[in-house]
Amino acid sequence: MSRNQKGPLQLLYEHVYVVALVTLASVAAAWLVSAGMDPVYKSRAKGFLPTAQEGLSLTSEAPNLPSGPQLPVASTEVQDSLIGILKSTDLRGRVSQKLADTGVDRGTLYLRKNVDFEVDKFNFVVITAWDKEPLRAKETAQIYMEVLRDHLRTVTKESVARKRLLFENEVTKSAAELQAAETELVAFKMAAGRVDYTAELEMTASRIERLRGLRDENDVNLETFDGAIAGRRAQLLARPDEFQETSRSRVQNPLINQYRSEIESLDAKILEKMISEGLTEEHPDVVPLIQSRNDVRERYAEAAKEPFVLGTVGLTPDPIRIDLEGQIIQLELERSRVLEQRAYVQAQLDEAITEFHRLPEYKAQEELLDRRVLEIQTRLADARSRVNETRLFQALEPNYIQDIESPAIPNRPSLPNLGVNLGAAALLGLVLGLTIVVLIDRVRAYREIAPW
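Residues numbered from 1 in each chain as written. Predicted model: local features only at pLDDT ≥ 70, side-chain atom pairs only at ≥ 80, totals over all residues. Heavy atoms only, no water.

> Sorry if this is basic, but what is going on with helix 10 (residues 319-395) here?
Three- or four-residue spacings in an α-helix give side chains the same orientation, since the helix completes a turn every 3.6 residues. If you check helix 10, its first and last C-alpha atoms are 111 Å apart, about what 77 residues at 1.5 Å a residue would give, namely 114 Å. At Arg 358, helix 10 is deflected by roughly 30°, the largest bend along its length, and proline Pro 360 occurs up to four residues later in sequence. (Helix = DSSP H or I, 4+ residues; strand = E, 2+ residues; numbered from the N terminus. Expected span 1.5 Å × (residues − 1). Bend = angle between axes of the 7 residues up to and from the residue.)

Next up, the structure:
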């Protein structure tokens, strides 16, 4: 049978020894390599982050009771965050340090290559550790889980500690504000002097009505006094004279003697000028004296026409006028008294009205201060409650990672897997043998075709 007439099976049959030899050689090599490899043991730990964490409250019972079963968190974001924390250099360094404390030297590079993390289909966090020593593999997986749990607990407690510090600062601040608000409220009440604003309003309203009545009464009295005073003044103006004549006497006109004396004096001066100095009546020094004498003589002639004039007149005050003036003075005094009383009543009324208008403001201000004190007291109580809750929470040891499968010491190594290695080697040998058979067939066909 020619080469072109041979099928694949016949070709394989003719060269089955080649395939068998290559396969046996691959299996033998795999066995030798596996036998020469150091065994590697695998240990793993499983846990999960619960959906509902432990709660604590001093004011409500609900957070202290479980809200449901502890189930794994199904959020991919949370799961990715956990894997990120496990792969972080900081966490790897803590694990390395903790292993070093137990006498095992496993650096961070070794841990990065020999520890794997994943989240399985049940949302469990799986930590797988490989090591040449089975005990070390188990310890590595176990310490990784413990360090993860401690890390979550530490981070949470640090967050709670920061919140507690904020709450304590709020307690201090609120306590100071409460003291200041209470002091302000007490000072306001003492300054206002009010206890019952409703009764105070009623009393002030009654006082306003009473004072208004007194003011109106004073206004009526003032109008009455004004009318009486106006009437008395009209009567007083109607009286003709202030005094009444009771007697009179006549005496010689005193001007006659006065003018006579002046004329005699002027005559003496003129005569002296004319005799002693030899002056005439036309002389400039004598003419003024003669003119003055002539003027006095004219006044003397006028006075001589009434040789007697009125002497003394006896007068007495008008008794009716006096009585009217006394009545006016008395009425004005009474009016002044009523006017002063009205001014006092008006001042009291203005004060009462102002007080009446201020009372609602006082009440609103006191209510505002009361609300402020109550608000600060509530805030202070809440802050103190939060401080106590955070203090109790810090005393707890919450388990953020629930163990599902604790790492165990492996009984047999996971690597090398002799069965898997031999099977892979046999498959590889079979493929390699078939490839060699094909190559042999191609070489033979090339030789038959070649002309040499």
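> Just to check I follow, could you spell out the sheet that holds strand 6 (residues 402-405) for this structure?
The strands making up a sheet are joined through hydrogen bonds of the backbone, oriented either antiparallel or parallel. Taken together, four strands build an open sheet; the order of strands is 2-3-1-6 and the sheet is antiparallel. Two strands lie at the open edges of the sheet, namely strand 2 (115-119) and strand 6, each paired on one side alone. On average, each strand axis in the sheet is inclined to that of its neighbour by 25°, with strand direction left out of account. Strand direction decides the pairing type here: strand 1 (residues 41-48) and strand 3 (residues 125-131), joined by seven bridges, are antiparallel. Considered in strand 3, the bridge of Ser 43 is made with Ala 129. (Pairing = 2+ DSSP bridges. Axes fitted to C-alpha atoms, helices over the stretch in contact; angles between N-to-C directions.)

> Where do I start with the packing of helix 8 (residues 254-276) against helix 9 (residues 287-304) in this structure?
Between two packed helices, the angle of one axis relative to the other and the distance separating the axes together describe the packing. Where helix 8 contacts helix 9, the two axes come as close as 9 Å, and the packing angle between them is 160°. As the angle between them shows, helix 8 and helix 9 are arranged roughly antiparallel. In this structure, the crossing between helix 8 and helix 9 has a hand that is left-handed. Seen from helix 8, the contacting residues are Leu 255, Ile 256, Tyr 259, Arg 260, Glu 262, Ile 263, Leu 266, Asp 267, Lys 269, Ile 270 and Lys 273; seen from helix 9, they are Leu 289, Ile 290, Ser 292, Arg 293, Val 296, Arg 297, Arg 299, Tyr 300, Ala 303 and Ala 304. (Parallel < 35°, antiparallel > 145°, perpendicular 65-115°, else oblique. Left-handed = near helix turned anticlockwise from the far one by under 90°. Contact = heavy atoms within 4.5 Å.)

> Just checking my understanding: could you explain the side chain of Lys 46 for this structure?
Within the secondary structure layout, Lys 46 lies in strand 1. Note on Lys 46: relative accessible area 14%, which makes it buried. Ignoring anything within four residues of it in the chain, the contact list for Lys 46 reads Asp 120, Val 125, Val 126, Met 145, Gln 402, Asp 403, Ile 404 and Glu 405. (Buried < 20%, exposed > 50% of the residue type's maximum accessible area, 1.4 Å probe, protein only.)

> Would you mind showing me how to read the pairing of strand 2 here?
Two elements, strand 2 and strand 3, share five bridges in a ladder whose sense is antiparallel. Following the sheet pairing, Glu 118 is matched in strand 3 by Val 126. Counted between consecutive antiparallel strands, the loop separating strand 2 from strand 3 contains five residues, among which Asn 123 sits at a positive phi close to 65°.

> Please clarify how the pattern of salt bridges should be interpreted in this entry.
Pairs can form between side chains of opposite charge whenever their charged atoms are close. For the structure shown, the criterion picks out 21 salt bridges. Between Lys 98 and Asp 150 there is a salt bridge; the shortest N-O distance is 3.9 Å. Here Lys 98 is found in helix 4 (residues 89-101), whereas its partner Asp 150 is found in helix 6 (residues 134-192), with 52 residues between them in sequence. Note on Lys 98: relative accessible area 30%, which makes it partly exposed. Counted as one network, the salt bridges with shared partners bring together Arg 44, Lys 46, Asp 120 and Glu 405. (Salt bridge = Lys/Arg side-chain N within 4 Å of Asp/Glu carboxyl O.)

> Would you explain the side chain of Lys 157 in this entry?
Residue placement: Lys 157 occurs in helix 6. Residue classification places Lys 157 among the buried residues on the basis of a relative accessible area of 18%. Other than its neighbours up to four places away in sequence, Lys 157 contacts Gln 394, Leu 396, Glu 397 and Pro 398.

> Looking at this structure, how should I read the packing of aromatic side chains?
Where two aromatic rings form a pair, the distance of their centres and the angle of their planes describe that pair. Within this structure, the stated rule accounts for three aromatic pairs. Ring centres of Phe 48 and Phe 124 lie 6.0 Å apart, and the angle between their planes is 35°; on these two criteria the pair is classed as tilted. On the criterion of sequence distance, the pair formed by Phe 48 in strand 1 and Phe 124 in the loop between strand 2 and strand 3 is long-range, its members being 76 residues apart. Owing to a relative accessible area of 6%, Phe 48 belongs among the buried residues under this scheme. Ring pairing ties together the aromatic residues Phe 48, Phe 122 and Phe 124, which thus form one cluster. (Phe/Tyr/Trp six-rings, centres within 6.5 Å; stacked < 30°, edge-to-face > 60°.)

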